[in-house]
Amino acid sequence: MRPRALVLAPMRGPAWARLRELAEVIYEPVPVQRPPGRYPAAELAARLAEEHARILITDGDEVGGPVLDLPLMAVACTRAEPVNVDIAAATARGIPVLCAPGRDADGIAELTLALLLAVNRRLLVADGDLRAGRTREERERHRSWELAGRTFGIVGGGPSARAVTWRMKGLGMRVIAHGPDTPRARPGIDRLLAEADVVSVHGVPVRDGGAFGTPGAFGTPRPGAVIGAAEFAAMKPGAIFINTARPEFHDAEALVGALKTGHLGGAALDHVPPDPHHPLVGPLLGMDNVVLTPGIGGETYDTEVNHSRMICGDIVRLLGGEPPLHCVNPEALGV
């Protein structure tokens, strides 16, 4: 008999079609028959038991406790890191946990480029002026420095940092980096902040002396582990700050302060709470040198194709008795 798979994340592409040939799939990528939001562990366990599913593919549902007490063949998280899965518990029960590293690297890199151009060339302001009938008399305030010959500083690392590097070099920018996977010869964080015309946060950034902690709520950064007031003050006057990673990687209040004083030339953030009345969002909405997007870096069809290729490919390998390529706990398989 074909195993049953409960799939709660959007999938597409040839690998997805192949999995549907080998497994009986219950596909619910949107909350049509389930409550809005993500399944808590108890409800997810009940749903798996109801469907007699032995394979789970999820994006952000809570995978722990009663879920892992079920006789599952595999748990797959379509994210780069399965932060919603209790890895230790899955390993103890011999359940392999699959993920999709780098699935959205190109999408994030492209958005970073778009945000940089939007802030530097004041595209949203120019669009608004044109729509309001203000054209030639407003041209003076749209002047900007060209990016060619400027320095792009990457704080962090990982696939999105690598993907954004060649794009910025293609604009003629000099790229410097500081992060967990950069060579020791690269500039440290202090030098990067002093030299970069653009500072962009990617992946899981590190500072000298320690790594960023676990994610927190917007506006509640962990002390000593963020781009904070001291780091913003150390940036070049007129520098642009971009964060397409996680909001807790920078101090939102300090960013607002650096923008209000005019020390920073602009900012672009991809992960912003949807509530416009949030005390740390309101001030940003009134600044025409700030561009905000609601976490759309990885929202591309290609991201879905990419995670489908990695996740479905690994499940097909497991079904064929082969080791998966993107397993965070290979010891669960005795490897």
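Let us look at the structure shown here. (Residues numbered from 1 in each chain as written. Predicted model: local features only at pLDDT ≥ 70, side-chain atom pairs only at ≥ 80, totals over all residues. Heavy atoms only, no water.)

So, the overall build of the protein chain
Definition in use: Secondary structure elements follow DSSP: runs of H or I no shorter than four residues count as helices, runs of E no shorter than two count as strands, and numbering proceeds from the N terminus. Only protein chains enter the calculation, and the probe is 1.4 Å; a residue is then buried if its accessible area is under 20% of its type maximum, exposed if over 50%, and partly exposed in between. Computed with the Shrake-Rupley method and a 1.4 Å probe, the accessible areas treat only the protein chains shown as cover for residues.
For the protein chain, the count of helices and strands is eleven helices and 13 strands. The 335 residues of the protein chain split such that 49% are buried. Working note: accessible area of the protein chain is about 16,000 Å², and carbon and sulfur atoms make up 54% of it.

Notes on the nonpolar core
One recurring pattern in soluble globular proteins: nonpolar side chains tend to sit buried together. This is how the line gets drawn: To define a nonpolar core, start from buried Ala, Val, Leu, Ile, Met, Phe, Trp, Tyr and Cys residues and group those joined through side-chain atoms within 4.5 Å. Contacts are assigned to residue pairs with any non-hydrogen atoms lying within 4.5 Å of each other.
Counting residues in hydrophobic clusters, the biggest one holds 28 residues, and the most contacted among them are Val199, Phe232, Met235, Phe241, Leu255, Leu259 and Leu264. Of the residues forming this core, the biggest block, five residues, is contributed by helix H9 (residues 252-260). Among all residues touching Met235, those that are not within four sequence positions of it are Leu193, Val199, Ile227, Phe241, His263 and Leu264. Among the nonpolar cores identified, the runner-up in size contains 22 residues, and Ala105, Leu147, Val164 and Ala268 belong to it.

Points about unusual backbone geometry
Despite not being glycine, His52 shows a phi value in the positive range, around 55°. Among the secondary structure elements, His52 is positioned in the loop between helix H2 (41-51) and strand S3 (55-58). According to the relative accessible area criterion, His52 is exposed, its value standing at 60%. The residue Arg122 is not glycine, and still its phi comes out positive at about 50°. Within the fold, Arg122 resides in the loop between helix H4 (105-120) and helix H5 (123-131).

Some points on the sheet that holds strand S2 (residues 24-27)
Test applied: For two strands to pair, DSSP has to find at least two bridges joining them. Lines fitted to C-alpha atoms define the axes here, with helix axes fitted over just the stretch in contact, and angles between the N-to-C directions of these axes take values from 0 to 180 degrees.
Spatial ordering of the open sheet is given by S2-S1-S3-S4-S5, a layout of five strands whose pairing is parallel. Two strands in the sheet have a free side with no partner beyond their single neighbour: S2 and strand S5 (97-98). Contacting strand S1 (4-7), S2 and S3, helix H1 (residues 14-22) runs over the sheet at an angle of about 120° to S2.

Topic: the pairing of S1
Note the following rule: Seen with the strands pointing away from the viewer, any crossover whose path from the first strand over the helix to the second strand runs clockwise is right-handed.
The pairing of S1 with S2 spans four bridges and is parallel. The residue bridging Val7 from the neighbouring strand is Tyr27, located in S2. One crossover worth recording links S1 to the parallel S2 by way of H1, and it is right-handed. The pairing of S1 with S3 spans three bridges and is classified as parallel. The residue bridging Ala5 from the neighbouring strand is Ile55, located in S3.

So, the environment of Gly64
Tracing the backbone shows Gly64 in the loop between S3 and strand S4 (74-77). When its relative accessible area of 11% is taken as the criterion, Gly64 is described as buried. Residues Gly64 and Ala45, 19 residues apart in the sequence, show an inter-C-alpha distance of 9.0 Å.

Things to note about the pattern of salt bridges
Here is the rule: Should a side-chain nitrogen of Lys or Arg be within 4 Å of a carboxyl oxygen of Asp or Glu, the pair is scored as a salt bridge.
For the coordinates displayed, the defined rule picks out 18 salt bridges. Put simply, Asp59 and Arg103 hold a salt bridge, and the shortest N to O gap is 3.9 Å. Separated by 44 residues along the polypeptide, Asp59 in the loop between S3 and S4 and Arg103 in the loop between S5 and H4 bring together distant segments of the chain. Looking at Asp59, the relative accessible area reads 24%, which means it is partly exposed. Arg131 is the salt-bridge partner of Asp127, the closest N and O atoms lying 2.5 Å from each other. With a gap of four residues between them, Asp127 and Arg131 both fall in helix H5, about one helical turn apart. Take Arg131: its relative accessible area is 69%, and that puts it in the exposed class.

Remarks on the sheet that holds strand S7 (residues 174-178)
The strands making up a sheet associate through backbone hydrogen bonding, with each pair oriented either parallel or antiparallel. Strand order in the open sheet made by the six strands is S7-S6-S8-S11-S12-S13, with parallel pairing throughout. If you trace the sheet from one side to the other, it starts and ends with S7 and strand S13 (290-292), each paired once. Strand-to-strand, the axes of this sheet are offset by a mean angle of 15°, without reference to chain direction. Of the pairings in the sheet, the one linking strand S6 (residues 151-156) to S7 comprises five bridges and is parallel in character. Each bridged residue has a counterpart across the sheet, and for Gly153 the counterpart in S7 is Ile176.

In short, shape yes, function no, at least from these values alone.
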